[in-house]
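The lines below spell out each chain.
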Amino acid sequence: MTTIFGKVIRREIPADIVYEDELCLAIRDVNPQAPVHVLLIPKQEIARLVDAKPEDQALLGHLMLTAGKVAQQLGIGDAFRLAINNGAEAGQSVFHVHVHLLGGRPFRWPPG
Ligand code: DGP
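These numbers come from a predicted model, not from an experiment. (Residues numbered from 1 in each chain as written. Predicted model: local features only at pLDDT ≥ 70, side-chain atom pairs only at ≥ 80, totals over all residues. Heavy atoms only, no water.)

Engineer: Can you lay out the sheet that holds strand β3 (residues 36-42) for me, pointing to particular residues and giving the numbers?
Structural biologist: Reading across from one edge, β1-β2-β3-β5-β4 is the order of the five strands in this open sheet, with antiparallel pairing throughout. Here the strands that pair on one side only, and so sit at the sheet edges, are β1 (17-20) and β4 (80-83). Each strand of the sheet is rotated relative to its neighbour by a mean of 20°, with strand direction disregarded. Note that β1 and strand β2 (residues 24-28) share three bridges and pair antiparallel. The residue of β2 that forms the bridge with I17 is I27. Helix α2 (residues 57-73) contacts β1, β2, β3, β4 and β5 (99-103) of the sheet and is inclined by roughly 150° relative to β3. (Pairing = 2+ DSSP bridges. Helix = DSSP H or I, 4+ residues; strand = E, 2+ residues; numbered from the N terminus. Axes fitted to C-alpha atoms, helices over the stretch in contact; angles between N-to-C directions. Contact = heavy atoms within 4.5 Å.)

In structure tokens:
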């Protein structure tokens, strides 16, 4: 089922796109939790991380490598955090898998 991110990918609604390639998009989060808060979104619609299949391994790896690249591009390459919320109780609100890339402020551990 398509989500708001599917609409972004198809350019049906606007987004601040900071990176794009054949497999994914990186957009600025509409509700940023850090000075830099970007979402890496695969163009393939996968609802949750646990719905990914073995054949999606390269795509998931691509998101990780791209996160590092985009972090460098946005000047937070030395300190950033990646997060994937899987399931509503873990904070997932958009059911199209995505990686949060956050940076530009200190982060505590463990996360809340
Ligand atoms: P999550 O809660 O992990 O599913 O993250 C969803 C994120 O998506 C949340 O931080 C807010 C963001 N978001 C929701 N709708 C939109 C939108 O239409 N545009 C953008 N840029 N971000 C959105």
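The discussion continues.
Engineer: I'd love a proper account of the site of the ligand, names of residues and values included.
Structural biologist: In the vicinity of the ligand, 14 residues are found, and the nearest of them are D29, N85, G91, S93 and H100. H98 is positioned with one of its side-chain polar atoms (N or O) 2.9 Å from an oxygen atom of the ligand. For the ligand, the protein covers 82% of the area, taking 510 Å² as the surface of the free molecule. Mapped by element, the contributors of at least two residues to the shell around the ligand are α1 (4-9) and β2. Per-class residue counts for the shell around the ligand are six nonpolar, six polar and two charged. (Near = heavy atom within 4 Å. Polar contact = N/O pair within 3.5 Å; in protein donor to acceptor, adjacent residues only side chain to side chain. Areas by Shrake-Rupley, 256 points an atom, 1.4 Å probe, with all protein chains shown as cover. Nonpolar A, V, L, I, M, F, W, Y, C, P; charged D, E, K, R; others polar.)

Engineer: Residue-level account of a nonpolar patch on the surface, with values.
Structural biologist: A contiguous nonpolar patch, built from L49, M64, F80, L82 and I84 and spanning about 360 Å² of accessible area, is present on the exposed surface. The topology assignment puts F80 in strand β4. (Patch = residues over 30% accessible without salt bridge, like charges linked within 9 Å, V, L, I, M, F, W, Y side chains within 5 Å. Salt bridge = Lys/Arg side-chain N within 4 Å of Asp/Glu carboxyl O.)

Engineer: Please give an account of the nonpolar core that cites residues and values.
Structural biologist: Core analysis: the biggest nonpolar cluster contains 14 residues, and V18, Y19, A26, V38, L40, V70 and L101 have the highest contact counts within it. Elements supplying a minimum of two residues to this core: β1, β2, β3, α2 and β5. When residues in this core are grouped by element, the largest group, four residues, is from α2. Dropping the residues within four chain positions of it, V38 is found in contact with V18, A26, I27, R28, D29, V70, L74, V99, H100 and L101. (Core = buried A, V, L, I, M, F, W, Y, C linked by side-chain atoms within 4.5 Å. Buried < 20%, exposed > 50% of the residue type's maximum accessible area, 1.4 Å probe, protein only.)

Engineer: Residues and numbers for α2, please.
Structural biologist: Taking 1.5 Å of rise per residue, the 17 residues of α2 would be expected to cover 24 Å, and the 24 Å separating its terminal C-alpha atoms lies within 8% of that figure. Turning to α2, its buried residues number three or more, namely L59, H62, L63, T66, A67, V70 and A71. The elements touched by buried residues of α2 are β1, β2, β3, β4 and β5. A positive phi of about 80° marks G75, the residue just after α2. (Expected span 1.5 Å × (residues − 1).)

Engineer: Describe the environment of M1, listing the residues and the values that go with them.
Structural biologist: Along the chain, M1 turns up in the segment before α1. Linking M1 and P14, residues 13 residues apart in sequence, is a C-alpha distance of 20 Å.

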